[in-house]
Amino acid sequence: MTEIPLGPESLLLRGARLKNTKEIFGVAVYTGMETKMALNYKSKSQKRSAVEKSMNTFLIIYLIILISEAIISTILKYTWQAEEKWDEPWYNQKTEHQRNSSKILKFISDFLAFLVLYNFIIPISLYVTVELQKFLGSFFIGWDLDLYHEESDEKAQVNTSDLNEELGQVEYVFTDKTGTLTENEMQFRECSINGTKYQEINGRLVSEGPTPDSSDGNLSYLTSLAHLNNLSHLATSSSFRTSPENGTELIKEHDLFFKAVSLCHTVQISSVQTDSIGDGPWQSSFAPAQLEYYASSPDEKALVEAAARFGIVFVGNSGEIMEVKTLGKLERTGIGEKLLFVKGAESSILPECIGGEIEKTRIHVDEFALKGLRTLCMAYRQFTSKEYEEINRRLFEARTALQQREEKLAGVFQFIEKDLILLGATAVEDKLQDKVRETIEALRMAGIKVWVLTGDKHETAVSVSLSCGHFHRTMNILELLNQKSDSECAEKLGQLARRIREDHVIQHGLVVDGTSLSLALREHEKLFMDVCRNCSAVMCCRMAPLQKAKVIRLIKISPEKPITLAIGDGANDVSMIQEAHVGIGIMGKEGRQAARNSDYAIARFKFLSKLLFVHGHFYYIRIATLVQYFFYKVSLIEIF
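Computed from a predicted structure; not experimentally measured.

A. Layout of the overall build of the chain. Helix and strand content of the chain: 24 helices and 21 strands. Buried residues in the chain amount to 53% of all 640 residues. Expressed as a percentage of contacts within the chain between residues at least 6 apart in sequence, the contacts between residues at least 24 apart total 76%. Surface exposure of the chain reaches about 29,800 Å², of which carbon and sulfur atoms provide 54%.

As structure tokens, this is what we get:
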């Protein structure tokens, strides 16, 4: 039984994993961070629509008119009463108190009397009527059967009715990719193990290149492992080699790779009978049919299920122990052996690796990304007893520190996650949602610019953008990637601006990564915005949640002051949803954080077109007509 203690030793696994995975998934990390993020961004109840702002402007104008009329009328009254015969006519004799009262008090009293007389100019009932119209109108969104998703039994939800008319004025749409444009239903497709690519075909892992057991490169990996049942000691052997020279070493690497996949996760299992799991050969027929995995991240669920299909089955937690079956047998780690498994983006894992097929794996990761697959790298590090004691001591000191605890923990994690041995990479597929291409094309035809903000690798993001119609084949794709300094970033932005001016007839698309975006937003906001405004579509990849919110804020405060809309499905999208004028949450498979923190919630991205083009259009017409009617009524009353 492979046991990962969840006591002191688990500090290595859990701490390292959270640090590395927060760049891509980080559900456990982001869920905690969003509470803090929400404090830095206005809540949806603080958002005000453009109609309300313009209505307030008109009311201020009418208030100025009211005050002016009252002052003029007061002055005219005293001008009229300058003559004695009009000051105290026979039908309006003054009392002795009125004759002796202060002239200043008399002026103020007359001024207030005229304010009361002309107060009909301010339509006090306008606010009540507008709010009532918005509240009642919001029910039409929930009643719309075209916005109802039958498979999930979800209908559109309205969390605030103050922004209905804003839906008809949106100029920029900022969307997440995973779970928003895609189904968020991950399927394991390919992997790279020790420099060899494999793909799953009919439940069997088939290599694309030659293996030590096969010269034609078309031999199933599972077939070559038929004798692994007699080599169980390999599972806990500490003599792992990064360049295997025979089949036994190859089996070790594959075995360790899938053990890393089956252990480095936060997957939970429902209560089922697992005694017969993994009793047969490594075929897809025995697993994981009898196990029901649950995970906050669909990627982790897909990877654990894949490892189970290939013979290494995660069967749950027993107290503080993670249990794994290999070929139907429970395993136990060797006495005194301590391994750290690390999973994360290649940008985080590969720089920390000192062994393994690093360059081959890097090439394979790029190839996977070009196919639109989501990639993760797997690595491990073995600790001696002395090293483990030192790490355990440092972790304890950092966790019990009274000051700068987070900084000290980050330093310990950085110390732990180095000198890694690369095992390989995984590639999972996330299919596009239905009618995503049609929806994006409709938004583009309506003059709305669509920006995709994602944490994926840029090759993956570009491939998905091409498939969903965000980028099209005739578009000139500009790239702002891997910038290292402010000067380098400024020079690149200048080159992109010149290319856009020279090729002004061609449509342009921009791809920018998180590192380059940070440099651009630090010193070159204006130049960056000039480039973005001249691009038909923008893709921002490898982004942190706060960067998404900063990009939206940059567009909001631009001179044009456009109306922005953000749409996402996960907790890491909450910051951008709250930053945009209109926030829309997708009720997907990553919980309800986005839906709860949004202004509107829908089940699928395709519903966005009707929400904007139908409901938003009619709401804007209704509210505009209502406001105009009230001020028209006031004008008529004043005239007559």
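B. Looking closely at the sheet that holds strand E18 (residues 537-541). With respect to topology, nine strands assemble into an open sheet ordered E1-E21-E20-E19-E2-E15-E18-E17-E16, the strand pairing being mixed. Here the strands that pair on one side only, and so sit at the sheet edges, are strand E1 (157-158) and strand E16 (476-480). Strand direction decides the pairing type here: strand E19 (residues 563-568) and strand E20 (residues 582-586), joined by four bridges, are parallel. Bridging across to E20, Ile567 finds its partner in Ile584.

C. Broad picture of the UniProt feature "transmembrane region" (unreviewed entry) in the chain. Here, the residues flagged by UniProt with the feature "transmembrane region" (unreviewed entry) are residues 57-80 and 111-130. Within the segment residues 57-80, helix and strand shares are 100% and 0% respectively, and the terminal C-alpha atoms sit 34 Å apart. Along residues 111-130, the helical share is 65% and the strand share 0%, with 31 Å between the first and last C-alpha atoms.

D. Quick look at the pattern of salt bridges. Under the counting rule described, the total for this entry stands at 31 salt bridges. Each of Lys177, Asp299, Arg374 and Asp456 takes part in salt bridges that share partners, so that together they form one network.

E. Up close: the packing of aromatic side chains. Under the defined criterion, the tally for this structure stands at 11 aromatic pairs. Judged by centre distance (6.2 Å) and plane angle (75 degrees), the ring pair of Tyr172 and Trp451 falls under edge-to-face. Within this pair, whereas Tyr172 is found in strand E2 (residues 170-175), its partner Trp451 is found in strand E15 (residues 449-453), the two being separated by 279 residues in sequence. Among the residues examined, Tyr172 registers a relative accessible area of 10% and is labelled buried. Consider the rings of Phe174 and Trp451, whose centres lie 5.3 Å apart with planes at 65 degrees: the pair is edge-to-face. On the criterion of sequence distance, the pair formed by Phe174 in strand E2 and Trp451 in strand E15 is long-range, its members being 277 residues apart. Residues Phe174 and Trp451 agree in their burial class; the two are buried. One aromatic cluster is present, built from ring pairs that chain together Phe135, Phe139, Phe140 and Trp143.

F. Region of interest: the side chain of His524. Assignment of secondary structure puts His524 in the loop between helix H19 (514-523) and helix H20 (525-533). His524 sits in the buried class, given a relative accessible area of 15%. Setting aside its immediate chain neighbours within four residues, His524 contacts Asp486, Cys489, Ala490, Leu493 and Leu519.

G. Expanded view of the sheet that holds strand E8 (residues 312-318). The sheet built from three strands is open, its strands ordered E8-E9-E10 with antiparallel pairing. Single-partner strands in this sheet number two, and they are E8 and strand E10 (329-330). As paired elements, strand E9 (residues 321-326) and E10 share two bridges and run antiparallel to each other. Among the inter-strand pairings, Lys325 is bridged to a residue of E10, identified as Leu330.

H. Here's a closer look at unusual backbone geometry. If you check the backbone angles, Lys435 has positive phi at about 60 degrees while not being a glycine. Within the secondary structure, Lys435 is located in the loop between strand E14 (420-432) and helix H16 (436-445). A relative accessible area of 46% places Lys435 in the partly exposed class. Its identity is not glycine, yet Asn482 carries a phi of approximately 55 degrees, on the positive side. The exposure class assigned to Asn482 is exposed, which follows from its relative accessible area of 52%.

I. Examining the packing of helix H18 (residues 486-502) against H20 more closely. Contact geometry of H18 with H20 gives a least axis separation of 10 Å together with a crossing angle of 30 degrees. Our classification of the angle between H18 and H20 gives roughly parallel. In terms of crossing hand, the pair formed by H18 and H20 is left-handed. Facing H18, whose interface residues are Ala490, Leu493, Gly494, Leu496, Ala497 and Ile500, H20 presents Leu527, Phe528 and Val531. Per-class residue counts for the contact of H18 with H20 are eight nonpolar, one polar and no charged.

J. Structural context of the environment of Phe341. Tracing the backbone through its elements, the reader meets Phe341 in strand E11 (residues 338-344). Given a relative accessible area of 5%, Phe341 falls into the buried group. Separated by 38 residues in the primary sequence, Phe341 and Ala379 place their C-alpha atoms 6.0 Å from one another.

About the cut-offs
- Residues numbered from 1 in each chain as written.
- Predicted model: local features only at pLDDT ≥ 70, side-chain atom pairs only at ≥ 80, totals over all residues.
- Heavy atoms only, no water.
- Helix = DSSP H or I, 4+ residues; strand = E, 2+ residues; numbered from the N terminus.
- Buried < 20%, exposed > 50% of the residue type's maximum accessible area, 1.4 Å probe, protein only.
- Contact = heavy atoms within 4.5 Å.
- Areas by Shrake-Rupley, 256 points an atom, 1.4 Å probe, with all protein chains shown as cover.
- Pairing = 2+ DSSP bridges.
- UniProt positions renumbered as here; feature names shortened; annotations may be inferred.
- Salt bridge = Lys/Arg side-chain N within 4 Å of Asp/Glu carboxyl O.
- Phe/Tyr/Trp six-rings, centres within 6.5 Å; stacked < 30°, edge-to-face > 60°.
- Axes fitted to C-alpha atoms, helices over the stretch in contact; angles between N-to-C directions.
- Parallel < 35°, antiparallel > 145°, perpendicular 65-115°, else oblique.
- Left-handed = near helix turned anticlockwise from the far one by under 90°.
- Nonpolar A, V, L, I, M, F, W, Y, C, P; charged D, E, K, R; others polar.

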